[in-house]
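Here are the chains, one letter per residue:
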Amino acid sequence: MSRRYLFTSESVTEGHPDKICDRISDTILDALLTEDPKSRVAAEVVVNTGLVLLTGEITTKAQVNYIELARKAIADIGYIDADNGFSANSCAVLVALDTQSPDIARGVNTAHESREQASDEELDAIGAGDQGLMFGFACNETPELMPLPISLAHRICRQLAAVRKTCQLPYLRPDGKSQVTVIYEDGKPVGIDTILISTQHTETIGDISEAVAVQAKIKEDLWTAVVEPVFADISVKPDSQTRFLVNPTGKFVVGGPQGDSGLTGRKIIVDTYGGYSRHGGGAFSGKDPTKVDRSAAYACRYVAKNIVAAGLADKCEMQLSYAIGVARPVSMTIETFGTAKVDEDRLLEAVQQIFELRPAGIIQTFNLQNLPAERGGRFYQDVAAYGHLGRSDLDLPWEQTDKAALLKEAVSQQLSAVAG
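Remember, it's a predicted structure, so these values are computed and weren't measured experimentally.

Peer 1: How do you make sense of the packing of helix α5 (residues 148–165) against helix α6 (residues 211–230) when you look at a structure like this?
Peer 2: Pairs of packed helices are described in terms of their axes, by the angle between the two and the distance that separates them. The geometry of α5 relative to α6 is characterised by a closest axis approach of 9 Å and an angle of 135 degrees between their N-to-C directions. Taken together, α5 and α6 sit at an angle that is classed as oblique. Read as a crossing pair, α5 and α6 show a hand that is right-handed. Along its contact with α5, which presents Leu-152, Arg-155, Ile-156, Gln-159, Leu-160 and Val-163, the element α6 presents Leu-222, Ala-225, Val-226, Pro-229 and Val-230. Of the residues in the contact of α5 with α6, the class split is 9 nonpolar, 1 polar and 1 charged.

Take a look at the structure:
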């Protein structure tokens, strides 16, 4: 029997209060790792009207100006006008940082930690920075092997930021959200039910000041400048039945930290798969890669994406779990939702043979501590908004599909038997 259903995912722009916090946290992380790749960082940020609070635990040899880093991140986002209720130059920045707990550090520290290429024994000696469970997911709904709803929501928010920063729509302000509801039939996307955009804007647009006229102008402009470009290369498109909702309350002038407080790590579903896949609960931003909440979630995505890229499943979810101070995963599980072309147990065996899933090995594989020089001190802050996964606009190591051929070779005998 054919089944038809709806699935919705949301994204937020870099000017959303929570994303301001994520950006500052990851800007701090980038600066510390650039000077001291062995920095231990758990940088948390809170923002509210006119206030930024930097807190958390940091142990590092790096010498950085935390206040300047915060102000630069805020300015880069676009909060440079005090009339907007929050500005890089006028907000107060308070710093309340501690060092990492020695009880946590001893589970990760090792006498061999300074070596860039660790031996197998040394990788076993470097434990996870905490316990926890992580998920990674991939599916063949989009070229980047991500679910269509979250992919579209991110594209809309990126385009919102682009038309604001290029002054194509100069009345837009940094805060904004998108939400896309996709129609599915038998597990495949077939249509767009609803597109929702909420974007902060100026009180007036040129000589337009009446609220209803302002709303109508924004809706018209967003369809032309944001929605149409986003769907230009997407096969599943909105049609005459698609609802297009813009600022449903009729007005969105007060926004950013003036409209709502923000906190690092409060958009973990936006950061991952938009609710389409399960989530282990750990946030990413502000955490150095010894924290498996971050690095192992990237590794799970890497595994799942390579399985789907190899054509071994249409959908794949990978779970890992760790114990603090222990290098090897406590458990690993693969779920393909009935789409696997080979036995899942055989797939798991191949993954264990091919992928390095110990924390130090993940760091080494993805080069997560020694930031590439060509990035100019930017790496983690570039994924602080618009998703950490499926970013075809960035060259991210966990988005590579370089293990797909090895996976196919590892299960080739079973594949041949199935084909025969």
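Further notes follow.
Peer 1: Quick question: what am I supposed to make of the pairing of strand β5 (residues 132–139) here?
Peer 2: Look at any regular strand and the pattern is simple: side chains alternate between the two faces of the sheet. With 7 of 8 residues buried, β5 lies mostly within the body of the structure. Looking at chain direction, β5 and strand β10 (residues 315–322) are connected through 8 bridges and run antiparallel. Each bridged residue has a counterpart across the sheet, and for Phe-135 the counterpart in β10 is Gln-319.

Peer 1: So what exactly am I meant to see when it comes to the packing of aromatic side chains here?
Peer 2: To describe a pair of aromatic rings, you give the distance between the ring centres and the angle between the ring planes. Taken as a whole and assessed by the stated rule, the structure comprises 15 aromatic pairs. Taking 6.2 Å as the distance between ring centres and 45 degrees as the angle between the ring planes, the aromatic pair formed by Tyr-184 and Tyr-276 counts as tilted. A residue pair is termed long-range when its members are at least 10 positions apart, and Tyr-184 in strand β6 (residues 172–185) and Tyr-276 in the loop between α8 (268–271) and α9 (292–309) qualify at 92 residues. This pair shows no difference in class: Tyr-184 is buried, exactly as Tyr-276 is. Here the aromatic rings of Tyr-302 and Phe-355 are separated by 5.4 Å at their centres, their planes lie at 90 degrees, and the arrangement is edge-to-face. Here the residue Tyr-302 occupies a position in helix α9, and Phe-355 occupies one in the loop between α10 (344–354) and α11 (359–366), the gap between them amounting to 53 residues. Residue Tyr-302 shares its accessibility class with Phe-355, and that shared class is buried.

Peer 1: Please explain the sheet that holds strand β2 (residues 40–48) as it appears in this structure.
Peer 2: Where strands meet in a sheet, backbone hydrogen bonds hold them as pairs that are either parallel or antiparallel. With mixed pairing, 4 strands are arranged side by side in an open sheet as β4-β3-β2-β9. A single partner strand is all that each edge strand has here, and the edge strands are β4 (92–98) and β9 (262–263). Relative to β4, strand β3 (residues 51–59) runs parallel, the two being bridged by 7 bridges. The residue bridging Val-52 from the neighbouring strand is Val-93, located in β4. Strand contacts of helix α1 (residues 17–35): β2, β3 and β9, with the helix running at about 150 degrees to β2, the strand carrying the most contacts.

Peer 1: Is there a simple way to explain the environment of Val-270 in this structure?
Peer 2: Looking at the secondary structure, you find Val-270 in helix α8. Sequence separation between Val-270 and Thr-27 is 243 residues; the distance between their C-alpha atoms is 19 Å. With residues near it in sequence (within four places) discarded, Val-270 still touches Glu-10, Ser-11, Val-12, Ile-150, His-154 and Gly-387.

Peer 1: Looking at this structure, I do not really get the nonpolar core. What am I missing?
Peer 2: Here is a general trend for soluble globular proteins: nonpolar side chains tend to be buried in one another's company. Ranked by size, the top nonpolar core spans 108 residues in total, and within it Ile-24, Val-52, Leu-222, Ile-307 and Leu-357 carry the most contacts. Once residues lying within four places of it in the same chain are set aside, the contact partners of Ile-307 are Leu-312, Ala-313, Cys-316, Ile-334, Leu-347, Val-351 and Leu-407.

Peer 1: What am I meant to see in the pairing of β3 here?
Peer 2: Burial along β3 is one-sided: the face carrying Val-52, Leu-54, Gly-56 and Ile-58 is buried and the face carrying Leu-51, Leu-53, Thr-55, Glu-57 and Thr-59 is not. Note that β2 and β3 share 9 bridges and pair antiparallel. Bridging across to β3, Val-41 finds its partner in Ile-58. Taking the residues between adjacent antiparallel strands as the criterion, β2 and β3 are bridged by 2 residues, where Gly-50 takes a positive phi near 70 degrees. For the crossover from β3 across helix α2 (residues 66–77) to β4, the handedness is right-handed.

How each quantity is defined
Residues numbered from 1 in each chain as written. Predicted model: local features only at pLDDT ≥ 70, side-chain atom pairs only at ≥ 80, totals over all residues. Heavy atoms only, no water. Axes fitted to C-alpha atoms, helices over the stretch in contact; angles between N-to-C directions. Helix = DSSP H or I, 4+ residues; strand = E, 2+ residues; numbered from the N terminus. Parallel < 35°, antiparallel > 145°, perpendicular 65-115°, else oblique. Left-handed = near helix turned anticlockwise from the far one by under 90°. Contact = heavy atoms within 4.5 Å. Nonpolar A, V, L, I, M, F, W, Y, C, P; charged D, E, K, R; others polar. Buried < 20%, exposed > 50% of the residue type's maximum accessible area, 1.4 Å probe, protein only. Pairing = 2+ DSSP bridges. Phe/Tyr/Trp six-rings, centres within 6.5 Å; stacked < 30°, edge-to-face > 60°. Core = buried A, V, L, I, M, F, W, Y, C linked by side-chain atoms within 4.5 Å. Right-handed = clockwise from strand over helix to strand, strands pointing away.

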